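Structural characterization, general
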Amino acid sequence: MRLLFLGDMVGKAGRTAVWNQLPGLISDFRLDFVIVNGENAAGGFGITEEIFRETLNAGADVVTTGNHVWDQREALAFAPREDRFLRPANFPKGTPGRGSGLYIAKNGARVLVSNIMGRVFMHPELDDPFQAGERELAACPLGEQADAVVIDFHAEATSEKMCFAHFVDGRASLVVGTHTHQPTADHQILNGGTAYLTDAGMCGDYDSSLGMDKEEPLNRFLSKVPKGRFEAANGPATICGVGVDISDRTGLAERIAPLRRGPRLEETFPSFWS
């Protein structure tokens, strides 16, 4: 099966670019399953139910999140009734919504998607992500209840992301990092067969500070005195993510490649995408 993961949508520019381009990507690249991180889609802070539904309408099968999941308070209301909306699985027991789900891909494969948040330099500090990962994999093991397993590891520290990937190597099809909004160049298949990328990057305006209009972040670095709110940059957006070919026999990765499409970063179109 062929799977695409797109990094954090940031603001109107990012979500519009995803909505406009995703149907063509699904068709052109014969995608079986699509995951989009949507935690910054509403003005850079959280996600609304309308944005969530529009992202599904564009072709996403699942929307993951992270530390900004509750920035739009309405998410607390719709999370419990939307099984294709995930918040980090290591939130405390009783938190609305769910952290994992088992879904059916276009080719009939059973895909476990789990959203887990790191703890290093992160706020809020959630339960142990390694124990959370172990729990989710034990409940739905690759090769038994699941034909593919994808983990969105939403974290700041590179070391934490890499160690988590090694911890689940051979038990997940893909571990992909989100949160930093900067695409990394370390896409690889680990020794046990798990595809890995430290950060998928964002879908947003890269003439910015992590998707935000750069003037106010720059002002705060220079003066330490806020002059206004952070606002999402609204220039032409670049979408960033990663594609993986997953073995129908083993559920492990066979090929991995980044996807970058837009005006700001160098575009990547590996040969296996065509």
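Throughout what follows, the structure given in this document is the object of discussion. No experiment lies behind these values; they were computed from the predicted model shown. Every chain begins its residue count from 1, and numbering advances along the sequence as written. Given that this is a predicted model, residues contribute local features only at a pLDDT of at least 70 and side-chain atom pairs are listed and counted only at 80 or more, while totals for whole chains, interfaces and linings are drawn from all residues. No hydrogens and no water enter the side-chain calculation; it runs on all heavy atoms of the structure.

**Thoughts on the overall build of the protein chain**
- Counting its regular elements, the protein chain contains six helices and 13 strands.
- Atoms considered for the radius of gyration are the C-alpha atoms alone. The globule rule reads 2.2 Å times the number of residues to the power 0.38. For 274 residues, the compact-globule estimate of 2.2 N^0.38 gives 19 Å, and the C-alpha radius of gyration of the protein chain, at 17 Å, lies within 12% of that figure.
- Its C-alpha atoms give the protein chain principal-axis dimensions of about 55 × 45 × 35 Å.
- Here the term buried applies to any residue with accessible area under 20% of the maximum for its type, exposed to any over 50%, and partly exposed to those in between, with areas from a 1.4 Å probe on protein chains only. Looking at the protein chain as a whole, 58% of its 274 residues are labelled buried.
- Residue contacts are defined here by distance: any two heavy atoms, one from each residue, within 4.5 Å place the two residues in contact. A sequence separation of at least 24 residues applies to 62% of the contacts in the protein chain between residues at least 6 apart.
- To be clear on the numbers: accessible area is Shrake-Rupley with a 1.4 Å probe, and residue cover counts the displayed protein chains and nothing else. Total accessible area on the protein chain is roughly 11,400 Å²; 50% of this is exposed by carbon and sulfur atoms.
- We count Lys and Arg on the positive side and Asp and Glu on the negative side, and we leave His and both chain ends out. The location of each charge is read from NZ of Lys, CZ of Arg, CG of Asp or CD of Glu. Distance between charge centroids for the protein chain: 2 Å, based on 27 positive and 36 negative side chains. Secondary structure counts use DSSP, requiring at least four H or I residues in a row for a helix and at least two E residues in a row for a strand, with both numbered from the N terminus.

**Quick notes on the side chain of N37**
- Relative to the elements of secondary structure, N37 occurs in strand β3 (residues 33–37).
- Discounting residues that sit within four places of it in the chain, N37 has contacts with F5, L6, G7, D8, M9, T64, T65, D152, H154 and T178.

**A short note on the pairing of strand β12 (residues 239–246)**
- β12 sits mainly inside the fold: eight of its eight residues count as buried.
- Across the two faces of β12 the burial is the same, with I239, G241, G243 and D245 and C240, V242, V244 and I246 all buried.
- Bridge analysis of strand β1 (residues 2–6) against β12 gives five bridges, and the strand direction is antiparallel. Paired with L3 across the bridge in β12 is V244. Whether two strands pair depends on DSSP finding at least two bridges between them.

**Quick word on the side chain of T178**
- Following the sequence through the fold, T178 ends up in strand β8 (residues 174–178).
- Polar contact is defined as a pair of N or O atoms within 3.5 Å, subject to the rule that within protein one atom must be able to donate a hydrogen and the other to accept it, and that residues adjacent in sequence are counted only when both atoms are side-chain atoms. Polar contacts involving the side chain of T178 include one to the side chain of H154, which spans 2.7 Å.
- Apart from residues lying up to four places away in sequence, T178 is in contact with F5, D8, N37, D152, F153, H154, A155, K161, T198 and D199.

**Digging into helix α1 (residues 11–28)**
- End to end, α1 covers 26 Å across 18 residues, agreeing with the expected 26 Å (1.5 Å per residue, within 8%).
- For a residue, the bend is simply the angle between two axes, fitted respectively to the seven-residue segment ending there and the seven-residue segment starting there. Q21 marks the point of greatest bend in α1, at about 40°, and the proline P23 comes within the next four residues.
- Residues of α1 that are buried include every one of G11, A13, G14, R15, A17, V18, Q21, L22, L25 and I26, and no others.
- Looking one or two residues past α1, R30 carries a phi angle of roughly 55°, positive in sign. Expected helix span is given by 1.5 Å per residue-to-residue step, counting one fewer step than there are residues.

**Concerning helix α4 (residues 129–139)**
- Those residues of α4 that fall on the buried side of the exposure criterion are P129, A132, G133, E136 and L137. Taken down its axis, α4 places every buried residue within 125° of arc, on the same side. Along α4, the residues that are exposed and aim more than 90 degrees away from the buried face are Q131, A138 and A139.
- Of the surrounding elements, those touching the buried residues of α4 are β5 (100–104), β6 (110–117), β7 (148–154) and α5 (158–168).
- A side-chain oxygen of the first residue of α4 lies 2.9 Å from the backbone nitrogen of F130; this N-cap is D128. Each C-beta atom gives one direction from the helix axis, and the arc is the one those directions make.

**Digging into the sheet that holds β7**
- Strand order in the open sheet formed by six strands is β5-β6-β7-β8-β10-β9, with mixed pairing between adjacent strands. Strand pairing shows two members of the sheet lacking a second neighbour, β5 and β9 (188–189), which therefore form its edges.
- Sheet topology places β7 next to β8; five bridges connect them, and they run parallel. Note that in β8 the partner of I151 across the bridge is V175.
- Contacting β5, β6 and β7, α4 runs over the sheet at an angle of about 165° to β6. Orientation is described by axes fitted as lines to C-alpha atoms, over the contacting stretch for helices, and by angles from 0 to 180 degrees between their N-to-C directions.

**Focus: the sheet that holds β1**
- Read across the open sheet, the five strands follow the order β4-β3-β1-β12-β13; overall the sheet is mixed. Either end of the sheet is taken by a strand with one partner, and the two such strands are β4 (62–64) and β13 (253–261). Between one strand and the next, the sheet's axes are offset by a mean angle of 20°, whatever the strand orientation.

**Describing the environment of G118**
- Structurally, G118 is set in the loop between β6 and α4.
- Residue class for G118 comes out buried when judged on its relative accessible area of 0%.
- Once the C-alpha coordinates of G118 and H179 are considered, the two residues, 61 residues apart in sequence, prove to be 9.9 Å apart.
- Leaving out residues up to four positions away in the same chain, G118 has contacts with P129, F153, H154, A155 and E160.

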